[in-house]
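Listed below are the residues making up each chain.
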Amino acid sequence: MSVLSKDMPCASRDFLEPNFLAVKHLRKTFLDKKRKVEAIKDISFSVGKGEMVGLLGPNGAGKTTTIKCILGLVKPDSGDITVSGIDCRRNPREASKNMAAVLEGARNVYWRLTVWENIIFFAGIHGVSVVKGKEYFEYLLEELKLKDKRDTEVRNLSSGYKQKTAVACALAKMTPLVFLDEPTLGLDVESSYELREALKRLQSEEKRTIIVSSHDMRVIQDVCSRVIIVSGGKVVVDAGVEELLSLFRTRSYRIVLSRNGNGTSLEEIRRKMTQVFPQAGMTETRDTVEIKVDLKNAFEIYELVDTLRDLRAAIETISQEEVDLERAFLEIVRRENEICG
Amino acid sequence: MWLVALKSSWRQSFQLMTRYMFNMVSGLVTMYIIFLMLFFGVKAVGGSALNLGDTLEGLFTGYVVWMIVIIGYQDLAYGVTNEAQTGTLEQLYLSPVGYRWLAFFTQLFNSLIYLTEITVMVVIMMLTTGKWLHLDLVSVFPLFAAVYAQALGLGFALAGLALVYKRIQAFFQIVTFGVIGFFFIPWDRFPWAKYLPFAMGRYLLEKVMAGGLRLWQLDGSDILVLLISTGMYLGLGILAFSAGESRAKAKGFLGQY
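Residues numbered from 1 in each chain as written. Chains lettered and ligands numbered in written order. Predicted model: local features only at pLDDT ≥ 70, side-chain atom pairs only at ≥ 80, totals over all residues. Heavy atoms only, no water.

Secondary structure summary: chain A contains 11 helices and 14 strands in total. In chain A, which comprises 341 residues, the share counted as buried stands at 53%. Relative to all contacts within chain A whose residues are 6 or more apart in sequence, the contacts with residues 24 or more apart total 71%. For chain A, the accessible surface area stands at approximately 15600 Å², while carbon and sulfur atoms represent 48% of it. Here chain A carries 53 positive and 51 negative side-chain charges, and the mean point of each set is 5 Å from the other. (Helix = DSSP H or I, 4+ residues; strand = E, 2+ residues; numbered from the N terminus. Buried < 20%, exposed > 50% of the residue type's maximum accessible area, 1.4 Å probe, protein only. Contact = heavy atoms within 4.5 Å. Areas by Shrake-Rupley, 256 points an atom, 1.4 Å probe, with all protein chains shown as cover. Lys, Arg positive; Asp, Glu negative; His and termini not counted. Charge placed at Lys NZ, Arg CZ, Asp CG, Glu CD.)

Take a look at the structure:
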């Protein structure tokens, strides 16, 4: 059980204050060598208190810029950002009392200080004294398996421990909103797993609002309940992870045809399938032909079966494809790119 | 919150100081060696060839002021660059206290350490050279503090530039030697020169340290000029820093290096 108690800022057990973080029509353009780059075209979303949300997007989609605009590290061109009702643009200091972050591509902590010294420093400059936070800091060390490294200078730690120290420093500030930008970047499988498990435990016990941005879809799928996908500076998907997966699961089919007993030649099957379902992929083995197809809507399954029947193809199995977030993400981004040309 | 932040900042400054002790000591030793070379070099040619003052005591005082200025501004200006380089600058910006105040807290701690060190070093220099200055701490410390505050103004301005232009260490070097010029523009020909950064501070410190005057024996109008210029340069420095900060945030490269 977490030691974060009722007097601590993030201890609310009231689940989902729906607009705890609200971003409306955020825009940001950078000038790169006299060329305007629209990093954020128009981003709007809101996150409820206690939610753990994944922010996904290809490189240059605008994820980090969005996070930095919320944190006040980048000045947006326009748009409104509120955290717990506080206007982040008009009152950045007041808003920053509610936010902490591990930022991508930065060390985030002092390598010459020990793990403990880093924790008490970063908590301290957020107004959390050692007296007030000691018990919780010890708890974080325990949860993140950093207890043995408490008095080790960070420069002497592995990248996994360094990253966990950065996460501990962000959580030690006891803010109700925490951003973790690529928290598992460069971590080995074990360290990544440990960090994910710790985050899940901490989030379920403390009900903090955590926004995780990561290229590692397993991290998002594992720890987040909702995902916001950003592409080309816009939000293209904002849905629950399960909802998103089921959407793709119901439309992704894998059909195995027997090569023996087919009434039509393989070339004919290929030609017809390409004509009716251009998105389908076909692979052959010695005894079977495997077709993978993402259907545009639920009714296309009938058309698919009709097409195969007309071809007198010998169907061995029809199954729904196991879809993970990575596949769904790639598909969404691919479609988005097609639409945008 | 402010008190907790101040305590945390001072604790961290002390911890980092102990970890980088060799760097700090070697910096002071270098300054001491430069002083010895200057002092004995000028003594050998029999005059104030480097124009650091009218007398050897003047050179001595000029060097002490120069040392305070360098330490005062470099710590702040290099501080921003170092934090950006080590990837902690943006984390400091996330503090509700604000980076400016955190930098100021750090400087407050450093100023106490450095001013003590400089005082000790002046004593060592006096022992080495046999030239004795008046170290009346009640008179000297407020003047040291005023010069240090002006140096902080310069430091804030350069830190603002560093936020925008990143690698400007070469410019820092130019400033390091450029400030000497402010000390010795003759006031009789250029009366406005007394308003230049550090000029009045050096002049009054020479009166106290070389001339043996006490703080209350100094000319009131000179002290007024010192106070006005201190407030002005510190204020201008902070304004320049704010402008640099705002530009870096607009361009999105606050933490980049």
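The next point concerns the packing of helix 4 (residues 130-143) of chain A against helix 5 (residues 159-172) of chain A. Helix-helix packing: each pair is described by the crossing angle between the helix axes and the interaxial distance. Residues and elements named next belong to chain A. Where helix 4 contacts helix 5, the two axes come as close as 10 Å, and the packing angle between them is 150°. Classified by the angle between their axes, helix 4 and helix 5 sit roughly antiparallel to one another. The way helix 4 lies across helix 5 gives a crossing that is right-handed. Judged by residue contacts, Tyr-136, Phe-137 and Leu-140 of helix 4 engage Ala-168, Leu-171 and Ala-172 from helix 5. Class assignment of the residues belonging to the contact of helix 4 with helix 5 gives a composition of 6 nonpolar, no polar and no charged. (Axes fitted to C-alpha atoms, helices over the stretch in contact; angles between N-to-C directions. Parallel < 35°, antiparallel > 145°, perpendicular 65-115°, else oblique. Left-handed = near helix turned anticlockwise from the far one by under 90°. Nonpolar A, V, L, I, M, F, W, Y, C, P; charged D, E, K, R; others polar.)

Here, the residues flagged by UniProt with the feature "domain: AAA+ ATPase" (unreviewed entry) are residues 49-241 of chain A. Within residues 49-241 of chain A, the helical portion is 40% and the strand portion 21%, while the C-alpha atoms at the span's ends are 18 Å from each other. (UniProt positions renumbered as here; feature names shortened; annotations may be inferred.)

Aromatic ring pairs: the centre-centre distance and the angle between the two ring planes describe each pair. Residues and elements named next belong to chain A. All told, the structure shown has 17 aromatic pairs over all chains when counted by the stated rule. The interplanar angle of 15° and the centroid separation of 5.8 Å between the aromatic rings of Tyr-110 and Phe-122 together place this pair among those described as stacked. Residue Tyr-110 is found in the loop between strand 6 (99-102) and helix 3 (115-124), and its partner Phe-122 is found in helix 3; the two are separated by 12 residues along the sequence. No difference in accessibility class separates Tyr-110 from Phe-122, as the two residues are buried. Sitting above the plane of the Trp-116 ring, Arg-150 keeps its charged end 4.0 Å from the centroid. (Phe/Tyr/Trp six-rings, centres within 6.5 Å; stacked < 30°, edge-to-face > 60°. Lys NZ or Arg CZ within 6 Å of the ring centre and 35° of its normal.)

Residues and elements named next belong to chain A. Tallied over the entire structure, the rule returns 27 salt bridges over all chains. Salt-bridge contacts for Arg-150 lead to Asp-151; the nearest nitrogen and oxygen are separated by 3.3 Å. By relative accessible area, Asp-151 is classed as exposed at 56%. Salt-bridge contacts for Arg-208 lead to Glu-206; the nearest nitrogen and oxygen are separated by 2.8 Å. For Arg-208, a relative accessible area of 1% translates into the label buried. (Salt bridge = Lys/Arg side-chain N within 4 Å of Asp/Glu carboxyl O.)

Residue and element names in this part refer to chain A. Segmentation of chain A into domains returns domain 1 (21-246) and domain 2 (250-340). Each of domain 1 and domain 2 was reduced to a C-alpha centroid, and the two centroids are 40 Å apart. Counting from both sides, the interface comprises 14 residues of domain 1 and, opposite them, 12 residues of domain 2. Ranking the residues of domain 1 by area buried against domain 2 places Met-217, Leu-245 and Ser-246 at the top, with a combined share of 38%. Between domain 1 and domain 2 we count 0 residue pairs in polar contact (both at pLDDT 80 or more) in total. Sorting the residues of the side of domain 1 that touches domain 2 by element identifies helix 7 (217-223), strand 9 (226-231), strand 10 (234-240) and helix 8 (241-249) as the ones contributing at least two each. Residues of the side of domain 1 that touches domain 2, tallied by class, amount to 9 nonpolar, 4 polar and 1 charged. (Domains from an automatic or database assignment. Buried area = accessible area lost by both parts, 1.4 Å probe. Polar contact = N/O pair within 3.5 Å; in protein donor to acceptor, adjacent residues only side chain to side chain.)

Looking now at the pairing of strand 7 (residues 177-181) of chain A. All names here are of chain A. The element strand 7 is largely enclosed, with a buried count of 5 among its 5 residues. By the bridge criterion, 4 bridges tie strand 6 to strand 7 in an arrangement that is parallel. Across the sheet, residue Val-102 finds its bridge partner in strand 7, namely Leu-180. Pairing of strand 7 with strand 8 (residues 209-213), which is carried by 5 bridges, proceeds in the parallel orientation. If you follow Leu-177 over to strand 8, its bridge partner there is Thr-209. Following the chain from strand 7 across helix 6 (residues 189-206) to the adjacent parallel strand 8, one finds a crossover that is right-handed. (Pairing = 2+ DSSP bridges. Right-handed = clockwise from strand over helix to strand, strands pointing away.)

Once that is clear, we can look at helix 9 (residues 220-251) of chain B. In a regular helix each residue adds 1.5 Å, so 32 residues correspond to 46 Å; helix 9 of chain B covers 46 Å between its end C-alpha atoms and thus fits that length. If you check which residues of helix 9 of chain B are buried, you get Asp-222, Val-225, Leu-226, Ser-229, Thr-230, Tyr-233, Gly-237, Phe-241, Gly-244, Glu-245, Ala-248 and Lys-249 of chain B. Contacts made by the buried residues of helix 9 of chain B are with strand 1 (21-32) of chain A together with helix 3 (56-86), helix 4 (89-93), helix 5 (99-129), helix 6 (137-165) and helix 8 (199-209) of chain B. Gly-252 of chain B lies just past helix 9 of chain B and shows a positive phi near 80°. (Expected span 1.5 Å × (residues − 1).)

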